[in-house]
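# Structural overview
Spelled out from the first residue to the last, the chains are:
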Amino acid sequence: MTLKNFTGSGVYSGQSIVEADISHVNYLQDNLRDTDVRECIIHGATPFRALMSGFREDKAETYTVILDGKPAMMFGVTPVYEHMIAKIWALGTYAIEDHSTKFLFWSRKVVDYFQKQYYQLENVVPADHTRTIDWLTFLGFHIIEQPIMLNGYQVLRFIRCKDHNYLIKDKEQPVIS
């Protein structure tokens, strides 16, 4: 049965989304898109370490998209301040691009699901990853255009707050790990 709103593990627009497990990490670490590997490097992490963050952090919520029987993307949130702020993230393979229309549809549902749990969702994106920035804008994130330096790379902070009521100032430091 295909579910309309994201509520956790299930089938969405014909795509299976399951709770992430270590076997997904083992597959994905060697098959991420180049842009996703670059994001890991910018954060000072290997793909393995970045993907494992969903398992290391207390109260993190992490899921895997399964396409053609293989993990295609892991995503989730890591709470920074319970019920207030969470770091949202996603890392995927090129397989996700073959299902871009469905991906756009359910990714918005996923962000809405996490937004119900946290007042503010945030992270950073490399300033030159325009395709990712366009996707984040589509999902309703506010992109703070003043770049921040992270490990020698320019990144842009993106945030999404309930009711679009942003309590932070553009100059505040983002949640980075």
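A brief structural summary. Starting afresh in each chain, residues are numbered from 1 along the sequence in its written order. A pLDDT threshold of at least 70 governs which residues receive local features in this predicted model, and a stricter bar of 80 or more applies before side-chain atom pairs are shown or counted, although totals over entire chains, interfaces and linings include all residues. As a rule here, side-chain values cover all heavy atoms of the structure and leave hydrogens and water aside.

## Re the overall build of the protein
Spelled out, the test is: Only DSSP runs of H or I reaching four residues or more are called helices, and only runs of E reaching two or more are called strands; each is numbered from the N terminus. Taken over C-alpha atoms, the radius of gyration is set against a globule rule of 2.2 Å times the number of residues to the power 0.38.
Of regular secondary structure, the protein possesses five helices and eight strands. The secondary structure elements of the protein, listed N-terminal to C-terminal, are β-β-α-α-α-β-β-β-α-β-α-β-β. Taken over C-alpha atoms, the radius of gyration comes to 15 Å for the protein, in line with the 16 Å a tight globule of 177 residues would show. Taken over the C-alpha atoms alone, the protein extends approximately 45 × 35 × 30 Å along its principal axes.

## Observations concerning the pattern of salt bridges
How we decide: A carboxyl oxygen of Asp or Glu within 4 Å of a side-chain nitrogen of Lys or Arg is what we treat as a salt bridge. Relative accessibility thresholds used throughout: buried, under 20% of the residue-type maximum; exposed, over 50%; partly exposed, between the two (1.4 Å probe, protein chains only).
Throughout the structure, instances matching the rule amount to six salt bridges. The partner of R33 in a salt bridge is E97, and the shortest N-O contact between them spans 3.5 Å. With R33 in the loop between α1 (22-28) and α2 (34-42) and E97 in the loop between β5 (85-92) and α4 (100-117), the pair connects residues that are 64 residues apart, well separated along the chain. E97 gets classed as partly exposed once you look at its relative accessible area, which sits at 30%.

## Side note on a nonpolar patch on the surface
Under the convention used in this document: By definition, no residue in a patch forms a salt bridge, and every one has over 30% relative accessible area; like charges are joined within 9 Å, nonpolar side chains (Val, Leu, Ile, Met, Phe, Trp, Tyr) within 5 Å. Throughout, the Shrake-Rupley method with a 1.4 Å probe supplies accessible areas, and for residues the shown protein chains are the sole cover considered.
On the surface, V80, Y81 and M84 cluster together into a nonpolar patch covering about 290 Å² of accessible area. In this structure, V80 sits in strand β4 (residues 70-81).

## Examining the packing of aromatic side chains
We apply this condition: Side-chain rings of Phe, Tyr and Trp (the six-membered ring for Trp) are treated as a pair once their centres are within 6.5 Å; stacked means planes under 30 degrees apart, edge-to-face means over 60, and tilted covers the remaining angles. Whether a charge sits over a ring comes down to the Lys NZ or Arg CZ being within 6 Å of the ring centre and within 35 degrees of the ring normal.
A complete count under the given rule lists 11 aromatic pairs for this structure. Look at F6 and Y12: their rings are 5.0 Å apart centre to centre, the planes differ by 40°, and that puts the pair in the tilted class. On the basis of relative accessibility, which here comes to 4%, the residue F6 falls in the buried class. Ring geometry for F6 and Y63: centres 5.2 Å apart, planes at 90°, overall edge-to-face. Taken together, the positions of F6 in the segment before β1 (10-12) and Y63 in strand β3 (residues 61-67) put the pair 57 residues apart, joining distant regions of the chain. As far as the burial class goes, F6 and Y63 line up, both buried. Through successive ring pairs, a cluster of aromatic residues spans F6, Y12, Y63, F75, F103, W106, Y113, F114 and W135. Directly above the aromatic system of F138 lies the positively charged group of R108, at a separation of 4.0 Å from the ring centroid.

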